[in-house]
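Architecture at a glance
One-letter residues, chain by chain:
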Amino acid sequence: PKADRHGGESNNALSSLVKSPPAEPVDESNMTCEELYGPYPSQIPIPFIDKSNNTPPPAVIETAKTMWDVKSHPDHRDKGTPDEWVPRDGRLIRLTGRHPFNVEPPVSVLNKHRFITPSSLHYVRNHGACPDLKWEEHTLKFGGSPDLVPSPYEMSMDELVAMEPREFPCTLVCAGNRRKEQNMIRQTIGFNWGSSGVSTNVWKGVPLRDLLLKAGVSERNMAGKHVEFIGVEDLPNKVGPGPFPDEPWGKLVKYGTSVPLARAMNPAYDIIVAYQANGEVLQPDHGYPVRLIIPGYIGGRMIKWLECINVIQHETKNHYHYHDNRILPPHITAEESLKGEWWYKPEYIFNELNINSAISQPDHNETLSIAQNINSTYEVAGDSYTGGGRKISRGGGSTDNGVK
């Protein structure tokens with residue numbers, strides 16, 4: 001009890017019956033994303049500077065304002081590779097050796113940060129060296145079929161940022177997330193992703209629809225037409241000249257994809273050309289200075305280091321649009337997939353994410369002693385996601401394989 005203004009003692013039980021006036025509802029319509037979801041976690045990577053997993057002096061990390069303030073302390077695994085210039089966090093789990101950089105954060109990191117992932121700990125899927133692009137030099141080119149794009153144009157990054165932006169949280173997932181579990185049953189042609197090839201940032205950019213309208217693209221007669229996206233990378237050809245005689249693949253190919261024009265022009269899908277993540281410019285491994293964000297799609301369609309956007313009469317014929325991110329029938333082996341043109345059958349393309357969930361707590365190999373915690377509680381945690389605009393309606397857990 002505590003003294004009231006009359007010198008006596010107030011009765012907590014009675015005073016609790018006195019209702020406080022209801023709080024004013026918060027108007028979120030005018031709040032920024034940082035007000036809604038922030039403050040954002042630190043974006044500063046913490047490199048492992050040697051094989052003993054030592055890190056830079058604490059003062060270096062604590063005083064760093066951007067990732068470039070730790071550039072003089074590269075992760076020891078990047079030394080001698082084309083990516084030595086990129087500051088990276090040593091806690092990221094490397095799935096393909098030193099190079100190229102394909103990583104996921106430890107499950108414990110996702111569990112700690114929950115909804116918003118630090119950009120420096122966001123999963124990364126790179127097919128080659130990270131391009132070293134400059135903001136003031138990079139441009140976006142808009143073109144395609146002349147009858148579909150009457151006003152092709154090229155714009156600088158400053159011109160892009162000057163346009164009206166959209167900003168929202170979006171979860172990105174690698175199409176290979178949890179592939180290790182598949183490979184334990186039967187080996188695929190892909191490497192072993194754990195369950196952490198998933199991350200959420202708050203992305204900011206310009207709606208693709210607005211950029212296409214600027215080029216004079218029409219919203220009429222869109223059936224069968226596609227918007228093609230091409231990045232700057234020159235990557236190795238996996239299979240040869242390909243199935244398209246009019247557009248044969250060379251020894252080096254660009255990474256690209258396409259989406260239906262009707263989807264690109266629909267504002268409900270929120271496709272944006274992004275230049276910020278968690279309130280800062282993109283980090284090099286995430287596509288600096290500009291990339292594509294397609295909510296609900298697999299990460300493999302969200303082209304990084306974006307250079308060209310074309311409106312065309314058909315689905316793209318890009319090499320990586322076909323020879324990545326397909327879900328083939330279970331009886332088709334890696335060898336057989338190259339014989340029957342399985343990669344080019346449209347019914348096996350993987351675009352929209354499927355529903356998925358995983359436990360993050362208990363962590364992998366964590367042991368819970370019943371004897372020492374018989375009267376304790378334990379918080380079980382995990383994540384779930386799905387694509388195509390669908391919502392996760394509920395979550396649950398079971399200790400008896402779902403019997404109860």
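Heads up: the structure comes first, above all this text.
Residues numbered from 1 in each chain as written. Predicted model: local features only at pLDDT ≥ 70, side-chain atom pairs only at ≥ 80, totals over all residues. Heavy atoms only, no water.

The next subject is the side chain of Asn237. Within the secondary structure, Asn237 is located in the loop between strand S9 (235–236) and strand S10 (252–253). Residue classification places Asn237 among the buried positions, given a relative accessible area of 19%. Of the polar contacts made by the side chain of Asn237, one reaches the backbone oxygen of Gly250; its length is 2.8 Å. Among the polar contacts listed, one links the side chain of Asn237 to the side chain of His319, at a separation of 3.3 Å. (Helix = DSSP H or I, 4+ residues; strand = E, 2+ residues; numbered from the N terminus. Buried < 20%, exposed > 50% of the residue type's maximum accessible area, 1.4 Å probe, protein only. Polar contact = N/O pair within 3.5 Å; in protein donor to acceptor, adjacent residues only side chain to side chain.)

With an omega of -5°, the peptide bond between Gly38 and Pro39 qualifies as cis. Here Pro39 shows up in the loop between helix H2 (33–37) and helix H3 (58–63). With an omega dihedral of 0°, the bond running from His99 to Pro100 counts as a cis peptide bond. Note that Pro100 resides in the loop between strand S1 (93–94) and strand S2 (102–104). Its identity is not glycine, yet Asn221 carries a phi of approximately 55°, on the positive side. Mapping Asn221 onto the fold places it in the loop between helix H7 (208–214) and strand S8 (226–231). One non-glycine residue, Asn278, lies in the positive phi region at around 50°. Mapping Asn278 onto the fold places it in the loop between strand S12 (272–277) and strand S13 (280–281).

What is shown is where atoms sit, not what they do.
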